[in-house]
Amino acid sequence: MIGGHTALIVNSYSYDTDGLSLLAIIFVWVVQHLWRIGSREQALPPGPPTLPLLGNLHVFPQTRAHLKFTEWARTYGEIYSLKIGSGTAIVVSSSKMARECFELHGATTSDRPAIHVGELVYKGLELPFSRYGPHWRNLRRAAHDLLNREACLSHLPIQRAEASQLMYDVLQQPQHLYQHIRRYAASVALSVTFGLHCSTYDNPVIEEFYECQRKWEHILRPGGHPPVDIFPILKYIPERWASWKGLCREVRSRQRELYFPLVQNCIDRIESDRRNHSFIEYVLEHEDHYEFTREMTVYLGVSLIEAGADTAAIFLQFFLIFMLAHPDIKFRAQKEIDDVIGDNRNPNLEDIGDLPYIKAIINEVHRCRPIAPTAIPHAATKDEKIGGFFIPKGSPIFMNIWGIEHGTKPGVDTTGLRSDMPMSFGGGRRICPGVHLAYNSIAMNVMNLLWAFNVELPKDPLTGNPILPDEDDTTDGILLTPKPFKCVIIPRSQAKADLIRKQFEAAKPTFELFDNAALKRGAT
Ligand code: HEM
């Protein structure tokens, strides 16, 4: 009995010790496991030292990520990794590695990471953020039909007319240069896409477009919403405690109120046989061919305006700031254009071929001021090996355009060694499809501005010292947008001012076709 009791005690003791050891093993396993979260797996590209659980989250740049990405590239090389908790992000910082990653491995590196706020606003329908797959392919095919090199030839009349309005507006109201450029770029995108010319900056469509953009960038900016993509549980915070959710809803509904009526105008023109050959009219008549629903047609329009309207304006603003900062380069460019064009006619797009110095300036502005300095992140659709390193499925991959371009030699390069297609348009299968439209706009307006106007620094009224715009005074988000800056802009001669007026008069019939695309309000 006693023996039996002892055996029972021993047994229960051994159960207790077994239980305790099991708990201890589980505890050690959990601690080791948690400790490993955030640490860099062996085969990954190198990167900054990590902390348990956080990885590199605590040092992940909250603002101007391109600067930190570029600083890290100097230490960790052309491809490095950042641990974001248990996840991994990859940063590519040389053109050679960008080619390997986005072109050679394009079949598996062309996805976009899931962006929860994008999902709330666009429900996966916007081209720049859409996931790689059949839906993206359909949208991209249609965008290509509008924006390929040949198709862009048919957009030249309206681009030329808009460029002549820009010159005229600057001549009439030089103090509103910044707004004139923004009107120009938005109106080109709206004319080509929806057949709508907006003759003034205070046009309701342009105002609403820029207001929606401002709100959307506010959501996207670092700190504009909690890190829902890293901690998906945050998605479930009720809206009353999550103001960013309300903002996403507002942007979505304002965008729909803006764009559905624009599509309806296209439908009306088709039905009343008053087509002005805008792209959305074409898509509406070929929805079956593109396998589009009406929502997809609308959101293709949204994508093209959002990606195309602001970007050309930003480039031209950076160009002017560059001219203000480098008067010697400006004088040499003006001498080149005077020798080729003279005083008796305006430059044409075709002239750019005879202006190698001006072409090189355009490349230099792209190099030193890439508009989207970290592009839009790509993502890997399967485990990959790139540059000899392991890239896990699902990792966001940043193309550090800033780092790539700032690794090249600064200066206006007329040797032709620098590629004609600057890296600032991204790469691989997601490369900017608007590159030809953008390039035509940029070339036309850069030539016009240099030919027609002198841009000079304003003087401080108190000290008389010139005020140089700060080229780093930009917004901070996916796009770097210069804040409004002061500049003195005056016509270079009376003959040129007269030609600008004549050219604008001559453009009026082209506008007529796009002016009657009246806006109807109040659709979904
Ligand atoms: C100076 C002007 C422009 C610059 C610097 C620029 C730059 C870029 C960059 C860096 C990307 C991301 C590429 C990548 O993920 O690898 C992009 C994507 C895109 N751009 Fe542009 N862009 C410009 C003008 C335009 C214009 C005028 C349009 C159309 C009207 C446009 C439409 C798009 C679209 C639809 C995408 C998304 C492509 C996709 O995800 O498949 N862009 N752009």
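No experiment lies behind these values; they were computed from the predicted model shown. (Residues numbered from 1 in each chain as written. Predicted model: local features only at pLDDT ≥ 70, side-chain atom pairs only at ≥ 80, totals over all residues. Heavy atoms only, no water.)

Draft legend 1. The arrangement of unusual backbone geometry in detail. Even without being glycine, Lys123 reaches a positive phi, approximately 50°. On the secondary structure map, Lys123 appears in the loop between helix H4 (116-122) and helix H5 (134-147). Exposure remark for Lys123: the relative accessible area of 45% places this residue in the partly exposed category. At His277, a residue that is not glycine, the phi angle is positive and equals roughly 60°. Of the residues examined, His277 reaches a relative accessible area of 66% and is grouped as exposed. (Helix = DSSP H or I, 4+ residues; strand = E, 2+ residues; numbered from the N terminus. Buried < 20%, exposed > 50% of the residue type's maximum accessible area, 1.4 Å probe, protein only.)

Draft legend 2. Seen up close, the coordination of the iron atom of the ligand. Of all protein atoms, just one serves as a donor to the iron atom of the ligand, and that atom is Cys432 (SG), at 2.3 Å. Structurally, Cys432 is set in the loop between helix H16 (401-406) and helix H17 (435-452). (Donors = N, O, S within 2.8 Å, 3.2 Å for Na, K, Ca; no water.)

Draft legend 3. Molecular detail of the site of the ligand. Taken together, 25 residues lie near the ligand, and Arg112, Arg140, His378, Arg430 and Cys432 sit nearest. In the model, an oxygen atom of the ligand is placed 2.9 Å from a nitrogen or oxygen of the Arg112 side chain. For the shell around the ligand, the secondary structure elements donating two or more residues are H5, helix H13 (294-325) and H17. At four residues, the largest contribution of residues to the shell around the ligand is made by H13. In terms of residue class, the shell around the ligand is built from 15 nonpolar, seven polar and three charged. (Near = heavy atom within 4 Å. Polar contact = N/O pair within 3.5 Å; in protein donor to acceptor, adjacent residues only side chain to side chain. Nonpolar A, V, L, I, M, F, W, Y, C, P; charged D, E, K, R; others polar.)

Draft legend 4. Layout of the sheet that holds strand S2 (residues 87-92). Taken in spatial order, the four strands of this open sheet run S1-S2-S6-S3, and their pairing is mixed. Unpaired on one side and paired on the other, strand S1 (79-84) and strand S3 (378-379) mark the two borders of the sheet. Here S2 pairs with strand S6 (residues 396-399) via three bridges, running parallel. Following the sheet pairing, Ile90 is matched in S6 by Ile397. (Pairing = 2+ DSSP bridges.)

Draft legend 5. Layout of the packing of aromatic side chains. As enumerated under the stated definition, the model contains 18 aromatic pairs in all. Here a set of aromatic residues connected by ring pairs shows up, and it is made of Phe60, Phe69, Trp72, Tyr76, Tyr80 and Phe398. Against the face of Tyr132 rests Arg137, its NZ or CZ located 5.3 Å from the ring centre. The ring of Trp241 has Arg240 lying over it, and the distance from NZ or CZ to the ring centre is 4.6 Å. (Phe/Tyr/Trp six-rings, centres within 6.5 Å; stacked < 30°, edge-to-face > 60°. Lys NZ or Arg CZ within 6 Å of the ring centre and 35° of its normal.)

Draft legend 6. The arrangement of the confidence of the model for the chain in detail. When the pLDDT values of the chain are averaged, the result is 90; 93% of them are 70 or greater. Low pLDDT (under 50) marks residues 519-524, which in the prediction has 18 contacts with non-local residues, meaning those over four places away or in another chain. (pLDDT = per-residue confidence, 0-100. Contact = heavy atoms within 4.5 Å.)

Draft legend 7. Quick look at helix H9 (residues 204-220). Taking 1.5 Å per residue as the helical rise, H9 with its 17 residues ought to reach 24 Å, and the 24 Å between its terminal C-alpha atoms agrees with that figure. Among the residues making up H9, those that are buried are Val205, Ile206, Glu208, Phe209, Tyr210, Cys212, Gln213, Lys215, Trp216 and Ile219. Residues of H9 that are buried in the fold lie against H4, helix H8 (177-194), helix H10 (243-271) and H13. Structurally, the start of H9 carries an N-cap: the backbone nitrogen of Val205 is 2.7 Å from a side-chain oxygen of Asn203. (Expected span 1.5 Å × (residues − 1).)

Draft legend 8. Quick peek at the side chain of Arg252. Mapped onto the elements, Arg252 comes out in helix H10. In this structure, Arg252 is buried with no salt-bridge partner, the nearest side chain bearing the opposite charge being Glu295 at 4.6 Å. Aside from chain neighbours lying at most four places away, what touches Arg252 is Leu120, Val121, Tyr122, Lys123 and Tyr299. (Lys, Arg positive; Asp, Glu negative; His and termini not counted. Salt bridge = Lys/Arg side-chain N within 4 Å of Asp/Glu carboxyl O.)

Draft legend 9. Summary view of the pattern of salt bridges. Enumeration over the complete set of coordinates arrives at 27 salt bridges. Salt-bridge contacts for Arg183 lead to Glu162; the nearest nitrogen and oxygen are separated by 3.0 Å. Of this pair, Arg183 sits in helix H8 while Glu162 sits in helix H7 (residues 156-172), placing them 21 residues apart in sequence. Side by side, Arg183 and Glu162 carry an identical accessibility label, which is buried. Where Lys215 meets Glu250, a salt bridge forms, and the shortest distance between an N and an O atom there is 3.1 Å.

Draft legend 10. How the structure looks around helix H3 (residues 95-104). Buried within H3 are the following residues: Met97, Ala98, Cys101 and Phe102. For H3, the angular spread of the buried residues around the axis is 100°, confining them to a single face. Within H3, the exposed residues directed more than 90 degrees away from the buried face are Lys96, Glu103 and Leu104. The inward-facing, buried residues of H3 abut S1, S2, S3, strand S4 (384-386), S6 and H16. (Arc of directions from axis to C-beta.)

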